[in-house]
Every structure is written in structure tokens, then in C-alpha cells.
Amino acid sequence: MSEQSTDLRETVRRRYAAAAVKVTEGGTACCGPEPVEVDENFGSTLYAAAERDALPAEAVAASLGCGNPTAVAELREGERVLDLGSGGGIDVLLSARRVGPTGKAYGLDMTDEMLALGLANAAKAGATNVEFLKGAIEAVPLPANTIDVVISNCVINLSTDKPAVFAETFRVLRPGGRIGVSDVVADDRLTPDQRAERGDYVGCIAGALSFAEYRAGLQAAGFTDVEITPTHAVADGLHSAIVRATKPATAGSTGPAAESSAACCGVDACCTAAETSVNPDLTVTEAKTASGCGCQS
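Residues numbered from 1 in each chain as written. Predicted model: local features only at pLDDT ≥ 70, side-chain atom pairs only at ≥ 80, totals over all residues. Heavy atoms only, no water.

J.: Which parts of the structure should I look at to understand the pattern of salt bridges?
T.: For side chains bearing opposite charge, pairing can occur when the charged atoms are close. By the definition in use, this model includes nine salt bridges. The partner of Arg 178 in a salt bridge is Glu 79, with the nearest N and O atoms 3.0 Å apart. Within this pair, whereas Arg 178 is found in strand S5 (residues 173-186), its partner Glu 79 is found in the loop between helix H4 (69-72) and strand S1 (80-84), the two being separated by 99 residues in sequence. A relative accessible area of 12% places Arg 178 in the buried class. In this structure Glu 79 comes out as buried when scored by relative accessible area, which is 7%. We note a salt bridge from Asp 187 to Arg 189, for which the minimum N-O separation is 3.6 Å. Given the relative accessible area of 19%, Asp 187 is considered buried. According to the relative accessible area criterion, Arg 189 is exposed, its value standing at 53%. Several salt bridges share partner residues, and in doing so they unite Arg 76, Glu 79 and Arg 178 into one network. (Salt bridge = Lys/Arg side-chain N within 4 Å of Asp/Glu carboxyl O. Helix = DSSP H or I, 4+ residues; strand = E, 2+ residues; numbered from the N terminus. Buried < 20%, exposed > 50% of the residue type's maximum accessible area, 1.4 Å probe, protein only.)

J.: Can you help me understand unusual backbone geometry in this one?
T.: For residues other than glycine, phi is negative in most cases, and the peptide bonds are mostly trans. Positive phi is not limited to glycine here, since Cys 154 has a value of about 60°. Tracing the chain through its elements places Cys 154 in the loop between strand S4 (147-153) and helix H7 (162-172). On the basis of relative accessible area, Cys 154 is assigned to the buried category, the value being 2%. With a phi close to 55°, Asp 225 is a non-glycine residue in the positive phi region.

Quick look at the structure:
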């Protein structure tokens, strides 16, 4: 990983750690700096009142997203769901309610403070089909082909390595699995510099892909049936959007992201002589460390 990417990730981590602490101490938080921070386009107002009222107040207060992915993912009883960048756990808890006791909802976050907040909120909600994992969304600490649905709420745009995120999402999904993501997406006319002028990275703007880039990235990872539907504007030329896509049911070798079923811990062929990092910018040791993997040998 480049020094710039490392610095950006640390900036994101610090901002969301501070948000978690603020909520824990009784404050509230939103996605980014002014003017987004007070904008109705981000945060808990995007959830129905009945959904908010059924959750711990801290989970609602820590909502940092630009949409409501659980409302568009069409979750079903018994499914296994993974939330990338789970934060205070609002989408994990809503997913757990939708998939029921025979299903399971995983939350993945790289920030200790957010993980602690998510665990506390799950305990307050009495959710027993929930598990929070520490790790990066570029190196998911779950085996391949084990998840039915991947959701995320205004987090993928924060990654400095989106191809790795798409590849990891494809890897962990079972054949026939799907994604239902809320994210910020830019008009194709905007250059990266123009996107940066409209907001910073932590504010969910500068890192946004264009519609064409998002579609191409998912397709390059192997996804089909890609749909990107804007829902509301968050800045000039930037939109909150619903992103849907499917991993083909015959995805044994579809797309460059397809891997051995022995993949885990951010590496392929984990704990064998042939293991390699899923993210080419990381060594095997770095990938395992980033994912929180227990098999470091």
C-alpha cells in the first residue's frame, strides 16, 4: 500500500473513531464535515421512523451513511449478510432482524471504537445472530463462497483501493450471491479533481467513483446484472445511489476475482506454500495482519 493510501486510511480511521467516541459520550455524528455534516442527505433520517425506534439510540446516532441498504437488499429469512464498514451497527442490527434467527449478520470495521460501539448496541438490542469482525474491506477475514448478501452504506467510496474491495466482495459471496450497496457516485462528466473540489475524502465525496467507473469496476471483478440507481443529490454532480449486482451462479472461474475456496484472511490458498495476497499492494503478512487473521504462519 502506498504511503498516501496509508495516510488516507488513517485519516478515515481517526475521524470515525472520534465519531464513535462522541456518540458513546452522548453526542451525535454524521458522515462528514460542513456542509455535509448537517445535511439531511446523510445519517439516520434516511431510515424509517419505525426502524430507528426499534434500535438502541446509540446505533441510530452513529449512523454515518448516505442511504438505507437494508431496504434495497431484499434480505430473506436464513441468509448470511456482511456489512462492509459497519460502524455503530445500525445496518447489521436491521439485517439481523430481517434474516431472523436462522440467518446471520456480520459487521466488518477497521476502527476499534466503532467495533466496541457496535458490540454494545448488539447487546442492548438482544441480537444473538450478529458477529462483528475487525478488518479492512480490502481484505475481508471470511472464507470464500460463504455470504449470501453484501451490503455497505457510504463506505466503499472511502477506500483507496476499490478494485480490491470489489474483488473481496466477489470472493466471499457464494455463487448466485448479490450486493445491495448505498454509496456516493459521481456524474461521468466530473474529473477526480472536480470531485475533490466538492468535498474531502472523509466526507464521502472526493473518493467517489463515477457511474461508468463503478460499473466497470464491478464487471472487472466478475459481477453481472450491475444496476446503479441515483436516489438523491449530495453535491453538485454527486449522488447517493443504490448499487446492485450479482455473482454468477456458475462463478467457479468467472472474473479475475474468482479464487480457490481455500481463500481466507485476505490471501488465496491460505496457510499453504502457494498462498498469495488478494491485494497485490500488500504482502501476505500485511494482508493477514490487516484482516486480523489468526493463522499468521
